[in-house]
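In case you want the letters, here they are:
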Amino acid sequence: TEALLTPLVGRLTRLLEATPTDSCGYFRETIRQDIRQARERFSGPQLRQELARLQRRLDSVELLSPDIIMNLLLSYRDVQDYSAIIELVETLQALPTCDVAEQHNVCFHYTFALNRRN
């Protein structure tokens, strides 16, 4: 049986090495799920703290997908933390390789937060 398994193990090893791995995709999905769970579990100041903790986990530009940013903006809007919305969008605008802040829905929430904060 060993003679039969050795070529099979070699083929399986080559297949696994050739399989592309996308850790950013996994991490994006984890962040989305964590935001969703935070919105279900917490409210008010607790949700603000949890969102701030989740936002600190976004340390790479590749992780700043439009849907994650929109989930954060909507969550901040729900707890009426307009300063956090403004800070997030202005941070995104300062990043040279990130174009998420230029999307219409992000600009709308940024303008809305500026208006609410006066």
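Cut-off values and rules
- Per chain, the residues get numbers from 1 upward, laid out in the order the sequence is written.
- Reporting of local features is limited, given that this is a predicted model, to residues whose pLDDT is at least 70; pairs of side-chain atoms are given and counted only at 80 or more, and all residues count toward the totals for whole chains, interfaces and linings.
- Hydrogens are left out, water is left out, and the side-chain values use all remaining heavy atoms of the structure.
- Between Lys or Arg on one side and Asp or Glu on the other, a salt bridge is scored when a side-chain nitrogen of the former is within 4 Å of a carboxyl oxygen of the latter.
- Only DSSP runs of H or I covering at least 4 residues are called helices, and only runs of E covering at least 2 are called strands; the numbering of each starts at the N terminus.
- Under the scheme applied here, a residue whose accessible area is under 20% of the maximum for its type counts as buried, over 50% as exposed, and between as partly exposed, the area being computed with a 1.4 Å probe on protein chains only.
- Any Phe, Tyr or Trp ring, taking Trp's six-membered ring, that has another such ring centre within 6.5 Å forms a pair; planes under 30 degrees apart are called stacked, those over 60 apart edge-to-face, and the others tilted.
- The contact definition used throughout considers only heavy atoms, calling two residues in contact when any of these lie within 4.5 Å.
- We define a nonpolar core as any set of buried Ala, Val, Leu, Ile, Met, Phe, Trp, Tyr and Cys residues linked to one another through side-chain atoms lying within 4.5 Å.

- Naming follows an unreviewed UniProt entry, where the chain appears as Mitogen-activated protein kinase kinase kinase 6 of Macaca mulatta.

Structural notes on the pattern of salt bridges
Here is step 1 of the chain: All chains considered together, the criterion is met by six salt bridges.
Here is step 2 of the chain: Among the ionic pairs, Asp34 bridges to Arg57, the shortest N-O distance being 2.7 Å. Linking Asp34 in helix H2 (residues 23–41) with Arg57 in the loop between helix H3 (45–56) and helix H4 (66–78), this pair joins segments that are 23 residues apart in sequence.
Here is step 3 of the chain: A salt bridge links Asp78 to Arg77, with the nearest nitrogen and oxygen atoms 3.3 Å apart.
Here is step 4 of the chain: Given the relative accessible area of 33%, Arg77 is considered partly exposed.
Here is step 5 of the chain: Through salt bridges that share partners, Glu29, Arg32 and Asp67 make up one connected network.

Examining the packing of aromatic side chains
Here is step 1 of the chain: What the rule picks out here adds up to two aromatic pairs.
Here is step 2 of the chain: Where Tyr82 meets Phe112, the ring centres are 5.9 Å apart and the plane angle is 75 degrees; that geometry is what we call edge-to-face. Here Tyr82, found in helix H5 (residues 82–94), pairs with Phe112, found in helix H6 (residues 104–117); they are 30 residues apart in sequence, far enough to count as distant.
Here is step 3 of the chain: Judged by relative accessible area, Tyr82 falls into the buried class, the value being 14%.
Here is step 4 of the chain: Phe112 gets classed as partly exposed once you look at its relative accessible area, which sits at 24%.
Here is step 5 of the chain: A centroid spacing of 6.5 Å and a plane angle of 20 degrees characterise the contact between Phe108 and Phe112, whose relative ring orientation is stacked. In this pair, Phe108 and Phe112 both sit in helix H6, four residues apart, roughly one turn of the helix.

Remarks on the environment of Val89
Here is step 1 of the chain: On the secondary structure map, Val89 appears in helix H5.
Here is step 2 of the chain: Of the residues examined, Val89 reaches a relative accessible area of 1% and is grouped as buried.
Here is step 3 of the chain: For Val89 and His109, which are 20 residues apart along the polypeptide, the C-alpha to C-alpha distance reads 9.0 Å.
Here is step 4 of the chain: When neighbours within four sequence positions are excluded, Val89 is seen to be in contact with Leu73, Ala101, Val106 and Tyr110.

Quick notes on the nonpolar core
Here is step 1 of the chain: One finds Ile69, Leu72 and Leu73 to be the most contacted residues of the largest nonpolar core, which totals 29 residues.
Here is step 2 of the chain: Put simply, the parts of the chain that give this core at least two residues each are H2, H3, H4, H5 and H6.
Here is step 3 of the chain: Per-element accounting of this core gives the leading share, seven residues, to H5.
Here is step 4 of the chain: In this structure Leu73 touches Ile85, Leu88, Val89, Val106 and His109, once residues within four positions along its chain are discounted.

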